[in-house]
Amino acid sequence: MDVSSLDEYASEAELLQEFTKMPSIEKAWVFPSESGNSSKAMFSLGQIDLLEDRKRTFVLSSLILKKNKDALNIEWSPFPVEMLSASAIVPSPSGSKLLVVRNKDKTSTLEIWGPSKLEKEITIPHSVHGSVYADGWFEGISWHHDENLIAYIAEEPPKCKPIFDRLGCKKEDSSEKDPVWKGQGELEEDWGETYTGKRKASLFVVNIGRGEVQQVEGIDETLSVGQVVWAPPSSDVLREYLVFVGWPEIIGPQKIRRRLGMKVCYNRPCALYSVMSPFREFSIDKLNDKAQEPQDCNLVVCLTPSFANAYFPRFSPDGKFLLFMSAESAVDTGAHSVTQSLNRMMWPSHGKPHPIHEIVDVVPIVMCPEDGLFPGLYCANLLYHPWLSDGFTLVMSSVWGSTQVILAINTLSGRISRISPTDSNFSWNVLAIDGDNILAISSSPVDPPQIKYGYPIPPNSKEASWDWQDVSLPFIGHSEKLRSLLSSVNFSILKIPVNNSSKNLPRGANRPFESIFVSVNKSQTEPVEDHKMDGGCNPLIVLIHGGPHSVSMTNYSKSAAFFASLGYYLLIINYRGSLGFGEEALQSLPGKIGSQDVNDILTAMDYVIAKGLVNGSKVAAYGSSHGGFLTTHLIGQVTQSKQGKDNYIDHNNCILGVVSSYKIQILLAFVIRSFSGAFSFIHVENNNE
C-alpha cells in the first residue's frame, strides 16, 4: 500500500470511529414522581469500543417537567453511569428499586439497589442455576407487584455426567459446564446462533427479603421456557401464578427431541403456560391449617391449546385480560417470520387458570393491504407496560412497509391508529409510556436518533391526533465534521414494479416492492427520484437484508451513514418476502428462494440505473446471512457483463470477500474505492457482536 493510500485508509478508519462512538438508545423506563406534573425517566445506552472490541453499557437519568402541553422540559443528570459487567438492568414497576444482574464464570449475582444504596446482594452458585438469560427470546425478568419477588429465566443447573477415559467409564461424576462434548455423557444440542453452549432455559423466583432462590417445579423437562410475567393478584390468597412461554423440544410425528435453533425462528411451536410460584405467603388469619395449602401447586397448565404459536404475554392493567402475539402461520408454512396477530383471552379472577379455547383475534392477519393502509402487525418486541392510562389502549412499534411506525390499538374494539406522523419516512420506535404520553425515538438511515415526546390532541378523544416535541439530547448527535459530510445526503423510498408478474401469484405478490435509496443530492429541495447522474463516478452499494423474512427499515444505521459520508450511493432492497407488506407478498417467496428474491434485486438495480440515479458500472453487493447467500447467487446467476442498463456485474472485476466483524467495514469501503468495476461481498456476522 503506497503512502497516499495508507493516509486515506487511516482517515477513513478515524471517520468510522467517530460514527461508532456515538451512543445508541437501547431501552428507557418512565416512573411517576412525587409531584403530579413531572415524571422520572431512565435510559439504557450502548457505545461501541472498537479498540477493545466490546460494547459499553451505561444509564442516564432525567426528570421530565410538564408545566403544560406546550411547555416540556427535561433535566438530565450531569453524567452517565457505566454498568460494568452488568448483564441486565431492570427497574421495579414503581422505580424505587433496581435489579442489576451480573453473570460470572461460576456464579450469578442479583443486586437490588435502592434510591441511595445497595440494599441486597444475592450470589447464586452455578449448582443452583447458570447464567441468567438477559437477551433474545428467552429473556424474562419480571418484578412481582409488591416488589419483593422477581421471576427470571436462567440456565438449568448442570447435570452430572459420567466421565470416560482410556480405561472406560469412571464412577465419579462431573458437572463441569462444557459446550463441546468430550466423552462426558450424551451429546446435548444447544439452541444454535447466539445460544451456543448455553444449557436449557428454566424458570426461577428469588425472594428478596429472604435472599432465597427457588426453581419453579413441575415444568416438563422437554420444555424450554422464557418471557415470564406475573399474573394479577388473585382473590385466592393461596395462589400466586406465573405465565410464561414454553417451547417444546419434542418435534414432529417421530417425537424426536430436537432444538434446531431459536434466533428469529418464529416458526417454532410454542404456547403460553401458567404455574404457581414456589413462594406463597400465607396469612395466619386466613390460613390456620398448613394442610390447606393447594395440592396442585406444581401443576403446569397450557393456556393456549388451540394455538400452535403464542408469545409476548401481557396482562391488561385491570387484570381481566391476557393478551399475546401469535405467528401461527409460521408454524403452518415453515416461514421463519410472518404477519402476526394480536389475541385476547379472559383471565379468571377466581380459582386456578385453565386451558382457554375462547380467544379473540384483536388484530387478525392482513393478507393483501391496500395502498397506504395498515399492512398487518410485525412486532419484534413489546414493552412490559405497553398501556395508556385508559387501561385498554396498547401501544407498540410495528413495521409498515420500509418504515417502523408507532400504533395505538384498542384491545376491546380492535381499532388501530397510526400515531407516529403519517407524512414522515423516518422510522419511529416507542421507548416507554408516561401516562397518556409516549417517549419515542425517530431516525432515518443518515439522521441519528432523536428523542420525541408525544401527547394526544385533544386529550382523551377517540379521534385524537398526536403532537410530537423534540427532546434536547446531551448524548446523541453527529459531530460537526459528520454533520458537514452528511449535510447533502438524502434518502427516499422507491416503489419498484415487479418484473414479469404472474397470474399464478396472489395479488399481494404482484404489487410493487420497496427499496430505500440513499444518495448525495446537489439540491436539498430536489427530490431524490428527480436527481439524475451527471456522469459522476459515485459507486453504488446494494445492501441486502437477511432472513429472508426480515426487513430493512429507514431507521438510523451507522454503517449506512458511514458509507454515505464517503460518497457512496446506497440501494437497500426489500425484495418480496420481506416483512411489512402483507402475508401474500411474504408467502410468495418460499419455494422460490434464489430466483424471485434475486430477480427482485436485479429489477431494483435496473430501475435506478434506468432512471439515471446511479452509474451502473460500479456496483457492490453487501449482505449478511441470507443477504450473503443472495450475493453468491448474484455472482453465479449473472454470467456476463452486459451493455447498457444491465451493466452491473463484470466478472473480470469481481471480488468475493468475507466480512467477519463490524470493524472490517472500513476495509470494504477502501477496497471498493481502490478498484474500478463491480464488486460483490459476503458479510458473515460474528455471533459475539
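Residue indices begin from 1 for each chain and proceed along its sequence in written order. Residues qualify for local features only when their pLDDT is at least 70, as the model is predicted, and side-chain atom pairs are given and counted only at 80 or more; totals for whole chains, interfaces and linings, by contrast, use all residues. Side-chain calculation: all heavy atoms of the structure are included, whereas hydrogens and water are not.

Caption draft 1: Representation of the overall build of the protein chain within the structure. Assigned secondary structure in the protein chain consists of eight helices and 39 strands. The cut-offs for exposure are 20% and 50% of the maximum accessible area for each residue type, with area from a 1.4 Å probe on protein chains only; residues under the lower value are buried, those over the upper are exposed, and the others partly exposed. The proportion of buried residues among the 689 residues of the protein chain is 54%. Note on conventions: DSSP H or I runs of at least 4 residues are helices, E runs of at least 2 residues are strands, and numbering of each starts at the N terminus.

Caption draft 2: Spotlight on the side chain of Thr20. Tracing the backbone shows Thr20 in helix α1 (residues 3-20). Assessed through its relative accessible area of 2%, Thr20 is described here as buried. At a separation of 3.1 Å, a polar atom in the side chain of Thr20 contacts the main-chain carbonyl oxygen of Gln17. Between N or O atoms, a polar contact is any pair within 3.5 Å; within protein, one atom must be a potential hydrogen donor and the other a potential acceptor, and residues adjacent in sequence are included only when both atoms are from side chains.

Caption draft 3: Structural detail: the sheet that holds strand β15 (residues 212-215). Pairing in this open sheet of four strands is antiparallel, and the strands run β10-β11-β14-β15 from one edge to the other. With partners counted over all chains shown, the strands left at the sheet margins are β10 (141-143) and β15, one partner each. On average, each strand axis in the sheet is tilted by 25° relative to the strand beside it, whichever way the strands run. In short, DSSP must find at least two bridges between two strands for them to pair. To define axes, lines are fitted to C-alpha atoms, for helices over the stretch in contact only, and angles between the resulting N-to-C directions are given on a 0 to 180 degree scale.

Caption draft 4: Summary view of the confidence of the model for the protein chain. The predictor attaches a confidence to each residue, called pLDDT, with possible values from 0 through 100. Taken as a whole, the protein chain shows an average pLDDT of 83; of its residues, 81% reach a score of 70 or greater. By definition in these notes, contact holds between two residues if any of their heavy atoms fall within 4.5 Å. Here residues 640-667 is a poorly scored stretch, pLDDT under 50, and it has 73 contacts once near neighbours within four places are set aside; other chains count. Segment residues 673-689: pLDDT under 50, and 65 contacts once partners within four positions in sequence are set aside and those in other chains are kept.

Caption draft 5: Here's a closer look at the packing of aromatic side chains. By convention, a stacked pair of Phe, Tyr or Trp rings (six-membered ring in the case of Trp) has centres within 6.5 Å and planes under 30 degrees apart, an edge-to-face pair has planes over 60 apart, and any other such pair is tilted. Inspection of every chain in the model, using the stated rule, returns 25 aromatic pairs. With centroids separated by 5.3 Å and ring planes inclined at 85°, the aromatic side chains of Phe307 and Phe324 adopt a geometry described as edge-to-face. Here Phe324 lies in strand β23 (residues 321-326) and Phe307 lies in the loop between β21 (301-302) and β22 (311-315), a separation of 17 residues in the sequence. You can call Phe307 buried: its relative accessible area is 14%. Among the aromatic side chains, those forming a connected cluster through ring pairs are Tyr133, Trp137, Phe138, Trp191, Tyr195, Trp247, Tyr266, Tyr311 and Phe312. Cation over ring: Arg314 sits above Tyr384, and NZ or CZ is 4.8 Å from the ring centre. Distance and angle both matter: a charge sits over a ring if NZ of Lys or CZ of Arg is within 6 Å of the ring centre and within 35 degrees of the ring normal. Across the ring face of Trp400, the terminal group of Arg418 is positioned such that the distance to the ring centre comes to 4.8 Å.

Caption draft 6: Molecular detail of the pairing of strand β6 (residues 88-91). Neither face of β6 is open: one carries Ala88 and Val90, the other Ile89 and Pro91, and all of them are buried. Here β6 pairs with strand β7 (residues 98-103) via four bridges, running antiparallel. Bridge pairing in β7 links Ala88 to Val101. Linking β6 to β7, which pair antiparallel, is a turn of six residues; within it Gly95 sits at a positive phi near 85°.

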